[in-house]
Amino acid sequence: MHRLEFKKVYKRFGEKVIAVNNANFFVDEGEFVTLLGPSGCGKTTTLRLIAGLDRTSEGEILINDKIINALSPSERDIAMVFQSYALYPHMNVFENIAIPLQVRKMSKSDVKTRVGSIAQMLGISTLLDRKPRELSGGQRQRVAIGRALVREPNLFLLDEPLANLDAILRHRMRGELKALFHSVDGTTIYVTHDQEEALAMSDKIVVMNYGVIQQIGAPEEIYKRPVNKFVAVFVGNPQINIIEAKNAEDMSKLFSSSKVNALEKLTHDGKVEIGIRPENIVLGKGNIFGKVTLIEPMGANLLVSVETALNSEKIKVKLFISNTVKISEGDDVNFSIKESELLFFLNEKRVDVEG
Amino acid sequence: MRLKRFLLYVGVTIMAFYCLFPIYFLVLDSIEPTSVSYSSPPILYPVAFTFSNYIGVFENIPLLTYIKNSTIVSLSATAIVVLIGSMAAFAVAKIKFRGSNPFMNFLLILGFFPAATMIFPLYEMFANFHLLNNYLSLILPYTSVSIPLTVWILATYFEQIPTALYEAARVDGMSRFQAFYKIILPLGIPAVSTVAILNFIACWNEFILALTFMTKENMRTITVGISMISGRFSYQYPWGEIIAGALLVTVPLVIIIFIAQEKIISGLTAGAIKG
Amino acid sequence: MPKRSAIPNHEKGYFRAVLGFVAPVVVFFTIFQIYPLMKNVWLSFTTIKGGFTLNNYYQILTSQSFWQSTWITVSFSLISVSIEMLIGFVFALLLNEEFHGRKALRTVFLIPWALPTAIMATGWKFLLQHSYGPFPWLLYWLHLAKSPPYFLSTPNLAFISIIMADAWKTVPFCALLLLAGLQAIPKDLYEAMQVDGAGWFFQLRKLTIPLMIPAIIVTLMFRFLQAFGVFDLIWVLTSGGPGNATMALSPFIYQQTFNWLDVRAGAATSVMMAIYILVLVVIVWTTRSYIGRRYAQ
Ligand SMILES: Nc1ncnc2c1ncn2[C@@H]1O[C@H](COP(=O)(O)OP(=O)(O)O)[C@@H](O)[C@H]1O
Ligand SMILES: [Mg+2]
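Here is a short report on the structure shown in this document. Note that this is a predicted model, so its numbers are computed, not measured.

Thresholds applied
Residues numbered from 1 in each chain as written. Chains lettered and ligands numbered in written order. Predicted model: local features only at pLDDT ≥ 70, side-chain atom pairs only at ≥ 80, totals over all residues. Heavy atoms only, no water. Helix = DSSP H or I, 4+ residues; strand = E, 2+ residues; numbered from the N terminus. Rg over C-alpha atoms; globule rule 2.2 N^0.38 Å. Buried < 20%, exposed > 50% of the residue type's maximum accessible area, 1.4 Å probe, protein only. Contact = heavy atoms within 4.5 Å. Areas by Shrake-Rupley, 256 points an atom, 1.4 Å probe, with all protein chains shown as cover. Pairing = 2+ DSSP bridges. Axes fitted to C-alpha atoms, helices over the stretch in contact; angles between N-to-C directions. Near = heavy atom within 4 Å. Polar contact = N/O pair within 3.5 Å; in protein donor to acceptor, adjacent residues only side chain to side chain. Nonpolar A, V, L, I, M, F, W, Y, C, P; charged D, E, K, R; others polar.

Below, the discussion takes up the overall build of chain C. Looking only at helices and strands, one finds 12 helices and zero strands in chain C. When the helices and strands of chain C are read in sequence order from the N terminus, they spell out α-α-α-α-α-α-α-α-α-α-α-α. Taking 2.2 N^0.38 as the reference for a compact globule, 297 residues should give roughly 19 Å; the C-alpha atoms of chain C span a radius of gyration of 25 Å, well beyond that estimate. Overall, the C-alpha framework of chain C stretches about 70 × 65 × 30 Å when taken along its three principal axes. Across the 297 residues in chain C, those meeting the buried criterion constitute 56%. Within chain C, counting contacts between residues at least 6 apart in sequence, those at least 24 apart form 67% of the total. Carbon and sulfur atoms provide 67% of the accessible area of chain C, an area that totals close to 13800 Å².

Another aspect to go through is the pairing of strand β2 (residues 17–27) of chain A. Residue and element names in this part refer to chain A. Where strand β1 (residues 4–13) lies against β2, seven bridges are found, and the strand directions are antiparallel. Following the sheet pairing, Leu4 is matched in β2 by Val27. If you look at the hairpin formed by β1 and β2, you'll find three residues sitting between the two strands, and Gly14 has a positive phi there, around 70 degrees.

What follows deals with the sheet that holds strand β14 (residues 301–309) of chain A. Residue and element names in this part refer to chain A. Ordered by their spatial adjacency, four strands build an open sheet running β15-β14-β13-β16, and the pairing between neighbours is antiparallel. The open sheet terminates on both sides in strands that have one partner only, identified here as β15 (314–322) and β16 (332–337). The mean angle between the axes of side-by-side strands here comes to 50 degrees, regardless of whether they run parallel or antiparallel. Pairing of β14 with β15, which is carried by nine bridges, proceeds in the antiparallel orientation. Residue pairing across strands places Val304 opposite Leu319, the latter belonging to β15.

Take the site of ligand 1 next. Residues and elements named next belong to chain A. Close to ligand 1 lie Phe13, Val17, Ala19, Pro38, Ser39, Gly40, Cys41, Gly42, Lys43, Thr44 and Thr45, which account for all nearby residues. Within the contact set of ligand 1, an oxygen atom lies 3.0 Å away from a backbone nitrogen or oxygen of Gly42. Within the side chain of Thr44, one N or O atom sits 2.5 Å away from an oxygen atom of ligand 1. Here ligand 1, which alone exposes 560 Å², has 57% of that area covered by the protein. It is helix α1 (residues 43–51) that provides the largest number of residues to the shell around ligand 1, a total of three residues. Among the residues forming the shell around ligand 1, the class breakdown is five nonpolar, five polar and one charged.

Written as structure tokens, this is what we have:
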């Protein structure tokens, strides 16, 4: 199994675009690490740098403490699942999966057994004679994964492998993939723009934006203790509520005086952005009053938008309640906030606040 | 609407006539006995029929030798240029080496220089190497002049093959050359066959180099052979036989056209419009 | 910006690989195209003894035959390419309609193109013969000429003959190229215009022609460059004659080199021709990028 390390890696395209901007991270043996970020933030480029398909502009990439910048893709002992799957259209499923073994001059019979067992594992044994164009999206994806798995590489790279699937299949494959890559020994780097996928599957998440790594951490840490507003907003569905408090009066409407005092010390002018995840707002039994403006049923829960007035302006927050509660738009309600779960952002960065 | 249809069919008839009427007169002449074809003024419709010109052309003209020579030269040059041209096209389209754009533009410009501007140095070169009246003296320059079109059409086509396939091949452990002949070349077969056909026709039809480098009767190619016949009969051109020969050697080309017209048209448009 | 460290721009073996793929074609065109061109440049500036001279250029640039040859080449290319484009466009418009036998006709259109020029020219030589060729007599019988014209032995008619033969061979070819351009115009544009009540001619004027102009101009220029090198047709049909009436540059070079054995004059003419070509290429290039900018969506 491989350990991977990025040391001060930059990737520029031309003068203007910096697709990867000073990336430093470490992936340990057997870890399942996700690169997460909005489209265009440099995830694919990072993966391509690892694969050797693009050259770094600066910095070093190490596998098992050896610098591999100059190695060609075929020398790196990695497998990659492309976003488009990149199945060879002129070869059938068997040949597609067998290619990495044939290139390595494995004997015919060995190839046959290996491909057979991989196909079995992925449930595509009956498709081996088909050409890629005769497969459904989900089947193609399995073939692409089969091609990656078959030679038991030490490092797997997956570029948004679920992005081209429909919603139901995507959910099912999420679970299957996780199980699969935990069962085969191998370090996995997984790219997605879907934060739910990242949270559900990873040991560790690397959040990127505009080529810059924002945060590296376990899913729970990313979710609960985002380092900045970008990460807080990007991760979590529905999005975190961001409330802009302009002064101490605004704040005192929302939480206790000890917190307000601590905050005032930090901000001087009392301006702060407050992040509240919807699940941390409790309807009823509270001393904040507002009016329901919108109800969005989400199956078991209702997502309720509530408008309330701070000192200087009106704000809107979203919160969850069970769908058994009787509520309708226009109702007057009250709510409270779990103060311990609040996030505070000064100049986009999260700050810890005592009290 | 009616009128438009009518005009359309008038136009279609004119077009068919435009392409075919010279051929009609040629066919007519080739099947007429000498007594009829040399009548002046000419008779523009069939009055007598004979095969004698078609027999005579094989007896009086070494037509089969010409065909053999043209075939050897055209096939060899086509095979070589497709091989080396597809490699270069691959480097341009998939390795995208630095300077591939200037390289392509250079090829394009090179393709514009007529053979006349380089014919004497080539002649001198082949004379020095004793290669005149040798197939190589045509195969080698034919290969060279076919390079621009070949590389352009193939590179354009290869570029449309998703780069992810090439990259997947590299990640799967293939060298560049393996990725070329196992993935890109098989996927490029449609374009490869198109350029093969176009190049074959172009070599088959070439004239000025063949005229200059093949001076011995038994080394001549079709185009030179047929069009130079006249010189040997001082008393009267054997028009019937010449035209019979011309029509005969056109048959293979027409067959190729019938089989591969879609490919030819697509190749021509790629070559002309893209270029 | 952090300082750049010493990272190889390319992985190991990159240059060797590129070289391996590209070297064969480079070797070929260096030996068989670039070397001959350079050799001609060298020849054109030297005397037989090898000394430097401008005499070869003096000789051809002051000769009437060179300038006449230039003029013939330019006028032949201009006239024949214009005719080809014009008729070719009309043919393409017709071929773009639905009718019975359209596919067959497209095949027929390829026949003139695929015919070797030298052989086609041989055929035309027969068709234009004075005494037994059908063409002069057809003109006479249709009262288009007072007597069957001597096509190949009258200077003007010989020039017209090569244009006619060239047009016969190339009009269908241009029509097919332009047809491809026509078929690339999205159908829904026409449908939108029809819904707005536009007639056939209006669609042609406001949609087809404007959209086709880039394709037409580019095709035209490339055809022009091709026509500029004309050799086979003239050599077989008229041998440049009568007199020098159809002696374009390519046959002129050939004549100087292989008939008059004046290799250096031939080389100087070749270089002049190469210069013409380069000038044309520059014109084509700038026009093309202008068109590209102007008509880019
Ligand atoms: N070959 C390239 N040339 C120029 N810019 C590129 C190239 N590849 C990617 N980029 C740019 O780099 C940035 C990151 O791209 P990418 O890594 O594909 O993003 P992601 O995979 O996160 O969506 C984008 O702004 C993209 O436009
Ligand atoms: Mg991407």
